[in-house]
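Residue-level structural notes
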Amino acid sequence: MKAPSPIDPNEPLARSPQWRDWRRQMRNRVHDEETLGRYVRLTDDERAALAATKGVFRWNITPYYAALMDPDDPDCPIRRQMTPRMDEVAPDIVGVVDPLEEVAHSPVKNLIHNYPDRVAFCVTAECAIYCRYCLRKRMVGDADFMMRKAELREGIDYIAAHPEIRDVLLTGGDPLTHNDAHLDWLLGALRAIPHVEVLRLGTRLPVTLPYRITPELCAVLEKHHPVWVNTHFNHPKELTEDAAEAVDRLLRAGVPVGNQTVLLRGINDDAATMKALCEGLVRMRVRPYYLYQAQLIGGTAHFRTAIETGMAIMEALQGRTTGFALPKYVLDTPFGKVPMTRSYVLGRAGDHVVMRTPRGRLWAEPNPVPPGDAPAVTLPAIALPEGIATIPTGARAFAPEAAPEGR
Ligand SMILES: *Cc1c(COP(=O)(O)O)cnc(C)c1O
């Protein structure tokens with residue numbers, strides 16, 4: 001969509017009503033080099049990456065979020081989450097398209113039934129912004145994953161036909177890119193199913209476009225309680241006054257707000273940053289829920305940390321901050337989420353970490369060997385068990401040529 005009048009990067013200073021118009025922010029998202037260049041002084045690497053990643057993975061940044069980027073520091077934690085880098089097209093031997101085998105766990109389009117009592121339902125492929133490390137890089141922004149109303153209906157019918165499903169997580173994409181009327185319809189249809197107890201939304205909009213959390217939206221959510229929201233703050237720089245106000249509106253509508261962070265190298269992979277993030281969230285009355293080990297998504301190797309690094313951060317925080325400021329550090333696997341604690345993690349076999357999963361099966365996660373100078377946590381060295389489930393190295397590597405059409 002062509003922007004009628006591009007938003008001036010100096011506008012946020014005024015925090016005018018126009019600046020806070022979420023639809024205008026969506027229409028004026030930053031998605032070309034020239035506009036991005038008005039927010040930050042682009043490096044040669046970033047310019048090259050904008051060209052090299054074209055057609056591979058969408059990028060789009062709301063003016064609100066773009067204005068949080070440091071114009072002079074390419075390593076700014078906001079900028080690194082959103083602006084392509086040449087690292088993304090570097091050879092990546094383990095990165096795959098769908099490491100959690102979500103497609104295999106989808107009985108109907110975009111509905112992932114991998115736990116007996118709950119489903120994740122990807123109700124849209126759209127996001128306001130496109131995180132460079134996205135778990136669902138395979139689908140976001142892709143026309144094949146867009147959901148027509150009839151396809152949503154199929155998902156709703158599946159849930160209605162499965163009385164064991166008591167918890168429905170709406171995700172995507174970002175479900176709050178739907179308009180209020182559509183969300184009202186969708187939540188109402190799910191709420192009408194007697195065995196559905198809890199509705200949850202996974203959304204990054206409180207972080208990347210807090211103005212989307214309007215009183216009108218909150219009134220819709222409130223109609224369908226119990227509705228929970230999990231959002232996705234990764235760095236203390238994201239804890240702005242505007243974000244806090246968006247969270248406050250949700251809380252006042254009776255919606256509990258949790259947070260899921262992804263552990264990202266160079267962004268939040270140290271104890272001081274993680275402590276500041278978690279304590280800042282608690283000040284905003286947001287409960288840290290999960291800290292995710294970064295997935296083996298193609299083109300994201302530069303974001304991945306050693307699992308020992310995450311375990312060391314959790315050890316550094318344990319006992320040193322409010323108990324409920326601590327998230328649970330987990331790795332998602334095709335056999336479910338695995339807590340990254342020594343009761344599940346058995347040891348390291350070279351460049352794999354071996355763990356039990358809640359379903360009993362063992363899993364070997366390809367994972368970078370920790371740097372020599374680093375972690376306070378060392379895993380026992382073990383042999384890779386024969387025939388263990390893992391992601392085959394080199395298989396299904398994500399490459400520009402392999403990207404579906406239309407991105
Ligand atoms: C993470 C996830 C859920 C929700 O899991 P909780 O641990 O209850 O938050 C549900 N379905 C799928 C497929 C998931 O990956």
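If you're wondering where the values come from, they're calculated on a predicted model, not measured in any experiment. (Residues numbered from 1 in each chain as written. Predicted model: local features only at pLDDT ≥ 70, side-chain atom pairs only at ≥ 80, totals over all residues. Heavy atoms only, no water.)

**Some words on the sheet that holds strand 13 (residues 389-390)**
The cut-off we apply is this: Here, a strand pair is defined by DSSP locating no fewer than two bridges between the strands. A run of DSSP states H or I qualifies as a helix once it reaches four residues; a run of E qualifies as a strand once it reaches two. Both are numbered from the N-terminal end. Contacts are assigned to residue pairs that have any heavy atoms within 4.5 Å of one another. Angular values range over 0 to 180 degrees, each being the angle between N-to-C directions of two axes fitted as lines to C-alpha atoms, with helices fitted over their stretch in contact.
Across the sheet, which stays open at both edges, the four strands sit in the order 10-11-12-13 with mixed pairing between neighbours. Where the open sheet ends on each side, the last strands, each with one partner, are strand 10 (345-349) and strand 13. Pairing between strand 11 (residues 352-356) and strand 12 (residues 362-366): five bridges, direction antiparallel. Across the sheet, arginine 356 pairs through a bridge with leucine 362, a residue of strand 12. Against the sheet, helix 12 (residues 307-317) contacts strand 10, strand 11 and strand 12, and its axis sits at roughly 140 degrees relative to strand 10.

**Brief notes about the site of the ligand**
To be explicit about the condition: We call a residue near a molecule or strand whenever a single non-hydrogen atom of that residue lies within 4 Å of it. Pairing of N or O atoms within 3.5 Å defines a polar contact, subject to two protein rules: one partner must be a possible hydrogen donor and the other a possible acceptor, and residues neighboring in sequence count only if both atoms are side-chain atoms. Here, Shrake-Rupley sampling with a 1.4 Å probe gives the accessible areas, and only protein chains in the shown set may cover a residue.
Every residue close to the ligand is listed here: Ile112, Tyr115, Arg118, Ala120, Arg200, Tyr289, Tyr290, Asp332 and Lys337. Between the ligand and tyrosine 290 there is a distance of 2.5 Å, counted from an oxygen atom to a side-chain nitrogen or oxygen. A distance of 2.9 Å separates an oxygen atom of the ligand from a polar side-chain atom of lysine 337. Protein burial of the ligand: of its 380 Å² of free accessible surface, 90% is covered by the chains. For the shell around the ligand, the elements supplying multiple residues, two or more each, are strand 1 (111-115), strand 2 (118-122) and strand 7 (287-293).

**Focus on helix 3 (residues 44-52)**
Where we set the bar: Only protein chains enter the accessibility calculation, which uses a 1.4 Å probe. A residue is then buried if its area is under 20% of the maximum for its type, exposed if over 50%, and partly exposed in between. The arc under discussion is defined with respect to the helix axis, by the directions toward the C-beta atoms.
Within the sequence span of helix 3, burial applies to Glu46, Ala49 and Leu50. An end-on view of helix 3 places all buried positions within 105 degrees of arc, on one side of the element. Facing away from the buried side of helix 3, by more than 90 degrees, are the exposed residues Asp44 and Ala51.

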